[in-house]
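Residues per chain are reported as follows:
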Amino acid sequence: MREEVYSLCFMCSVRCPIKVTVENGQVTFLEGSPYVPDMAGSLCPKGAAGIGLLNDDQRVQTPLIRSGPRGSGHWRQASWDEALDYVAENMKKIIDSYGPQSITLGERQQLSTHISKTFLKALGSPNHFTHDALCKGSVNTACRSLFGYTDGQMNVDYKNTKHLVLYGRNVFESVTVKGTNQIMQAMDNGAKLTYIDPRVTVTATKANRYLPIRPATDLALNYALMHVILKEDLYDRSFVHKWVQGLDELKNFVNSFTPEWAEQETGIKAKEIVDLAREISRDKPKVIFHYGYRGAHHANEIYLRRSILILNCLMGSVETPGGIYFKKGPGEVGGKPARKLVDQDLPKPEAIRFDKAGTPDFPLPDPAHGVAQYLPQAILNEDPYPIKCLFAYRLDPLMSMPDTQTTLKALEKLDLVVAIDINYSDIAWYADVILPESTYLERTDCVQQANSLKPQMFLRQQAVSPRYDTKPGPMILKGLADRLGIGQYFPYNSVEELVQWQLEPTGFSIDDFKAKGFVSYTDKQIFWDREKDLKLKTKSGKIEFTSSLLEEAGFKSFPEYETPQIPDKDNEFRLVVGRCVFHTHVSTQNNPYLNEILSENCLWINDRAAARLGIADQDMVEVRSPVNSGLIKAKVTNMIQPGAVFMLHGFGHQAQAARRSFNRGVSDAMLQENISDTIGGSPAFHDTFVTVHKVN
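Residues numbered from 1 in each chain as written. Predicted model: local features only at pLDDT ≥ 70, side-chain atom pairs only at ≥ 80, totals over all residues. Heavy atoms only, no water.

## Concerning the environment of Gln565
Alright, step 1. When you line up the elements, Gln565 lands in the loop between helix H20 (548–552) and strand S22 (572–578).
Alright, step 2. Since its relative accessible area comes to 53%, Gln565 is described here as exposed.
Alright, step 3. Through-space distance from the C-alpha of Gln565 to that of Ala216 is 8.6 Å; in sequence the pair is 349 residues apart.
Alright, step 4. Contacts of Gln565, omitting those with residues within four sequence positions, involve Arg574 and Phe689. (Helix = DSSP H or I, 4+ residues; strand = E, 2+ residues; numbered from the N terminus. Buried < 20%, exposed > 50% of the residue type's maximum accessible area, 1.4 Å probe, protein only. Contact = heavy atoms within 4.5 Å.)

## Describing the side chain of Ser676
Alright, step 1. Counting through the fold element by element, Ser676 comes out in the loop between helix H23 (668–671) and strand S27 (689–694).
Alright, step 2. In this structure Ser676 comes out as buried when scored by relative accessible area, which is 11%.
Alright, step 3. Within the local environment of Ser676, its side chain forms a polar contact with the side chain of Gln373, the two groups lying 2.9 Å apart.
Alright, step 4. Look past the residues within four positions of Ser676 in its chain and what remains in contact with it is Ala299, Gln373, Tyr374, Ser682, Pro683 and Ala684. (Polar contact = N/O pair within 3.5 Å; in protein donor to acceptor, adjacent residues only side chain to side chain.)

## Concerning the sheet that holds strand S23 (residues 603–606)
Alright, step 1. Read once around its circumference, the closed barrel built from six strands follows the order S22-S26-S23-S25-S24-S27, with strand pairing classed as mixed. Neighbour-to-neighbour, the strand axes of the sheet open up by a mean angle of 45 degrees, direction not taken into account.
Alright, step 2. Pairing geometry for S23 and strand S26 (residues 644–648), over two bridges, is antiparallel. Note that in S26 the partner of Trp604 across the bridge is Phe646. (Pairing = 2+ DSSP bridges. Axes fitted to C-alpha atoms, helices over the stretch in contact; angles between N-to-C directions.)

## Brief notes about the packing of helix H8 (residues 218–231) against helix H13 (residues 301–314)
Alright, step 1. Contact geometry for H8 and H13: axes closest at 9 Å, N-to-C directions at 25 degrees. The orientation of H8 with respect to H13, classified from their angle, is roughly parallel. Between H8 and H13 lies a crossing whose hand is left-handed. Every residue of H13 that contacts H8 at Asp218, Leu219, Asn222, Tyr223, Leu225, Met226, Ile229 and Leu230 is listed here: Tyr303, Leu304, Ser307, Ile308, Ile310, Leu311 and Leu314. (Parallel < 35°, antiparallel > 145°, perpendicular 65-115°, else oblique. Left-handed = near helix turned anticlockwise from the far one by under 90°.)

## Observations regarding the sheet that holds strand S2 (residues 17–23)
Backbone-to-backbone hydrogen bonds pair the strands of a sheet. The strands run either parallel or antiparallel.
Alright, step 1. Read across the open sheet, the three strands follow the order S1-S2-S3; overall the sheet is antiparallel. Of all strands in the sheet, those bounded by a partner on one side alone are strand S1 (2–8) and strand S3 (26–32). Each strand axis lies, on average, 25 degrees off the axis of its neighbour in the sheet, ignoring direction.
Alright, step 2. Across seven bridges, S1 lies against S2 in antiparallel orientation.

## What to know about the packing of H8 against helix H12 (residues 270–282)
Alright, step 1. Relative orientation of the contacting elements H8 and H12 amounts to 60 degrees, with a least axis distance of 9 Å. Viewed along their axes, H8 and H12 adopt a mutual orientation that is oblique. Crossing of H8 over H12 shows right-handed handedness. Counting all contacts with H8, which are made through Leu221, Ala224, Leu225, Val228 and Ile229, the residues of H12 involved are Ile273, Val274, Leu276 and Ala277.
Alright, step 2. For the contact of H8 with H12, the class distribution of residues is nine nonpolar, no polar and no charged. (Nonpolar A, V, L, I, M, F, W, Y, C, P; charged D, E, K, R; others polar.)

## Comments concerning unusual backbone geometry
Alright, step 1. The residue after Lys284, namely Pro285, is reached through a cis peptide bond having omega 5 degrees.
Alright, step 2. Residue Pro384 is bonded to the preceding Asp383 through a cis peptide linkage, with omega at 15 degrees.
Alright, step 3. By the element assignment, Pro384 lies in the loop between helix H14 (375–381) and strand S15 (389–393).
Alright, step 4. Notably, Asp38 is not glycine yet its phi reads approximately 75 degrees, a positive angle.
Alright, step 5. Residue placement: Asp38 occurs in the loop between S3 and helix H1 (45–48).
Alright, step 6. For Asp38, a relative accessible area of 13% translates into the label buried.
Alright, step 7. Positive phi outside glycine occurs at Lys356, with the angle close to 65 degrees.
Alright, step 8. Within the fold, Lys356 resides in the loop between strand S14 (324–326) and H14.

## Quick look at the pairing of strand S16 (residues 416–421)
Alright, step 1. The buried fraction of S16 is high, at six of six residues.
Alright, step 2. Relative to S16, S15 runs parallel, the two being bridged by five bridges. Looking at the pairing, Leu390 lines up with Val417 of S16.
Alright, step 3. Here S16 runs beside strand S17 (residues 433–436); their pairing, made up of four bridges, is parallel. Paired with Ala419 across the two strands is Ile434, which belongs to S17.

## Looking at the pattern of salt bridges
Side-chain pairs of opposite charge can arise whenever the charged atoms involved come near each other.
Alright, step 1. Under the definition given, this model contains 39 salt bridges.
Alright, step 2. A salt bridge links Glu319 to Lys328; the shortest N-O distance between them is 2.8 Å. Across this residue pair, the class does not change: Glu319 and Lys328 are buried.
Alright, step 3. With a shortest N-O distance of 2.8 Å, Arg460 and Asp445 are connected by a salt bridge. Note that Arg460 is positioned in the loop between strand S19 (456–459) and helix H18 (473–484) and Asp445 in the loop between S17 and strand S18 (447–450), a separation of 15 residues in sequence. Assigned by exposure class, Arg460 and Asp445 land together as buried.
Alright, step 4. Taken together, the salt bridges that share partners define one network made up of Arg2, Glu4, Lys19 and Glu31. (Salt bridge = Lys/Arg side-chain N within 4 Å of Asp/Glu carboxyl O.)

## Observations regarding the environment of Ile434
Alright, step 1. Mapping Ile434 onto the fold places it in strand S17.
Alright, step 2. For Ile434 and Leu459, which are 25 residues apart along the polypeptide, the C-alpha to C-alpha distance reads 27 Å.
Alright, step 3. Leaving out residues up to four positions away in the same chain, Ile434 has contacts with Val60, Thr62, Pro63, Leu64, Trp75, Ala419, Tyr424 and Ala428.

## Some remarks on the nonpolar core
Alright, step 1. Counting residues in each nonpolar core, the largest one holds 82 residues, and the members touching the most others are Phe119, Phe391 and Leu435.
Alright, step 2. Beyond its immediate sequence surroundings of up to four residues, Leu435 is in contact with Trp80, Ala83, Leu84, Val418, Ala419, Ile420, Asp421, Ile476 and Leu480.
Alright, step 3. Residues Ala207, Ala224, Cys313 and Leu314 belong to the second largest nonpolar core, which totals 78 residues. (Core = buried A, V, L, I, M, F, W, Y, C linked by side-chain atoms within 4.5 Å.)

## Remarks on H13
Alright, step 1. Compared with an ideal rise of 1.5 Å per residue, which puts 14 residues at 20 Å, H13 spans 20 Å between its outermost C-alpha atoms and is within 8% of the ideal.
Alright, step 2. Taken across its 14 residues, H13 has 14 buried, putting it largely inside the fold.
Alright, step 3. Trailing H13 by a residue or two, Gly316 shows a phi angle of about 70 degrees, which is positive. (Expected span 1.5 Å × (residues − 1).)

## Structural notes on the pairing of S27
Alright, step 1. Taken together, the three bridges between S22 and S27 define a ladder with antiparallel strand orientation. Note that in S27 the partner of Glu572 across the bridge is Thr691.

## A few points about a nonpolar patch on the surface
Alright, step 1. A cluster of nonpolar residues, Met620, Leu631 and Val695, forms a patch on the protein surface that exposes about 230 Å² of accessible area.
Alright, step 2. Mapped onto the elements of the fold, Leu631 is located in strand S25 (residues 629–637). (Patch = residues over 30% accessible without salt bridge, like charges linked within 9 Å, V, L, I, M, F, W, Y side chains within 5 Å. Areas by Shrake-Rupley, 256 points an atom, 1.4 Å probe, with all protein chains shown as cover.)

## Thoughts on the packing of aromatic side chains
Alright, step 1. Under the criterion given, the structure shown has 23 aromatic pairs.
Alright, step 2. Centre to centre, the rings of Phe362 and Tyr374 are 4.9 Å apart; their planes meet at 0 degrees, and the pair counts as stacked. Placement of the pair is Phe362 in the loop between S14 and H14 and Tyr374 in the loop between S14 and H14, with a sequence separation of twelve residues.
Alright, step 3. Classification of Phe362 by relative accessible area gives buried; the value is 4%.
Alright, step 4. A relative accessible area of 24% places Tyr374 in the partly exposed class.
Alright, step 5. Over the ring of Phe10 we find Arg460, and its NZ or CZ is 4.4 Å from the ring centre.
Alright, step 6. Just above the ring of Trp604 sits the side chain of Lys635; from NZ or CZ to the centre is 5.1 Å. (Phe/Tyr/Trp six-rings, centres within 6.5 Å; stacked < 30°, edge-to-face > 60°. Lys NZ or Arg CZ within 6 Å of the ring centre and 35° of its normal.)

In short, the description is geometric, and any link to function would need to be established separately.
Structure (C-alpha cells):
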C-alpha cells in the first residue's frame, strides 16, 4: 500500500513543509511540499536524512532509569508507567521540600512548547526556559527596543529585495530551504548580495561583494555606514521623518565615526564603505540589512543588532516589499488563531525566575524565553533559591551552554535530571531518567500558527507508527501531569484530540490539512499602510532610535564605542564558531547518513599564523581556553582572518551509546567562557580567546 502524507520536517527548527511517501508502513521518500511556493520540492541534506533518524537503532528505544553513577551509561529498561511514576514521585518530594520553583524545564522552542509551559505553570514554577537566549536573545531585545515587536514577530522579504547584506549569516550553508530559494530567485532577477564575515564561507563565494572584516568589528562598520548615509543625505527622508524618534541624537553620535576611522577598526577600506553606502541607498527601500538568526557573539551584541536594524530604518525598508516586515495574524482578515493550552486560567507562580529576567536586576531579556546560560550559576549559588530538578526537553545544556565543566558541576547539585529526547544526547546520557520521544515521522504534533504576510496554519501529521516504545511529547507531559494532580489542564487523551481542541475556534478541522498539510486564512499578502499606520508597539508609537525600553531600564541608546580586544600573544586567537549544511546544532551528529558525510569538526587557522606556529594542514593541535582544552585537527587555510580560529558547533559528543559521534571532534561549548550580553541576554560565544599549539 502506498500513500502520501503532507507534514512538517523537524530535522532542524525551521519546519519546512514536506511530502512523505509511505509504502507498506515504511517511509521511502522525503521531499519538499510541492504545494508550498518556493519549496519547489526541495529539501536540505538534513531533511533528506530524516529516514536515517527514523530507522536509527542507536536512538533511545524505551524508557530508561539510571542504575549506576550519573554519566556511567548504566540503565535499566522500564515500562512507561514505571518511568512516569518514578519521575512524578521524585518531583513530589522535591516540591514538598523546596517549593515548585525548584523545578525547571528547558527546551528547544517547538510546536508543543505551550504544553511544557502549561506543565510548569500548573505546578506553580516560573522556570520554563527555551534555547532562544542561547541563539538570539539579544536580537529579540534589540527588535523590541526599536519597534516594540520581538524578532519572532518580524521577517524579511528576500524574494523582492534588490540588495541583501548579511553579517555572518551563512544562508547557503545554514539552510532554510524557502529562504535560500527566494534569495537565489532574487539574485537571478538582479539583486546584489553583500556578505561580511572574517571567514570565507560558501555564502561568501556567492556574494557580489565580500568584506573580510576583522573579528568583532561589525559595529564599527555599521556606525561608519550610518555616518556616510546621514552626511550625504542618502536616507529615506520621508519615512524617517514620519516614523523615527531620535534621528538628531543618532547624527550627533555617529558624527565622529568616519569611514577612515572604521578602516582602522575593521580592516575594510574606507572607499569600500563609502561605495557600499552609496550603492545600497540607490536601491532603497527594497534593501535588507539582515538582523541575524543567531545573534549571540559579543558582550555588546544588542548594540550590533540595533545598528543593523537602524540601517534598515534609514533606508525606509520597513513594512515594504523587498524589505523587513511585521508578521500578520489571522485577526487581520477576521480569523481566529489556534488555541494553546497556556491560554487557560493557570496558577500564577509566586517566585521570580531563576535568571531574574523581567526583574529590576535583569530587566530587558524576554521572560517568555528566559536566559538559559544563567542556569548553572543559579544552581551553584542557590540564587535566588535552590533548584533541584531539571527537565531537558530536546535541549542539551552540556553542549549548548558555554563552559561545560561548570554546567556539570551545577548538575551534580540536582536531585533529579530528566531527559525527554529522541537520541542519546549528552544530557540524556547524564540524566536519571530518559523518556524517549517519537520522531516527527511517527507522531502528529500541535498546530503551527504560521503568521506572515499571509497567515496560515500547518500541521505535522503522523506518517508511520513508532518503531520503538516511544511517545509524543504532549502525551509524556500529560502522563506526568495526571500523576502530579494537575491533569485538569491537559484536556486530551491523544494528540489528535489536542489538535482538534486547538482548532475549535478557527473554523478549520484536522481533515482540512489532509490534502496539502496546511490551510490559509487569505490568499493575498498583507502590508500595513506605512504612510498612515505602522502599528508600532513602542511607548512613543515611533521607531525608537532613542529607546524608551533601554533608557527607562538605565541603559544608553548610544553608548560609547569600545575597540574590541585583540589577541596579544603569537599563539592566541579569538574563537569563532558556526554551522554547516549537514548538521543541526548538537542533534544530528550521530545520524547515520549525516555522520557519514561529516563526522567531526576541525580547527580553521590562517596559513600565515599556522606557519608561524609550525602547524601544517591536518596536524593535531591543542586548543586551550581559560576554562578547558581539547585536541583537534588543524585546517590550514588563507580563508580566515589571522586573528581568529574557527570550528563547527556541535561536535565532541560524550554519550557512548551514540557510537558514531562519540568523542569525534571537540565541543565548542567545552571551550567557551560563560560571558553574556548583560543587557540583551545572549551569550557572547565569540568573546573567548584560545591558544593553539601543535601536539607532537
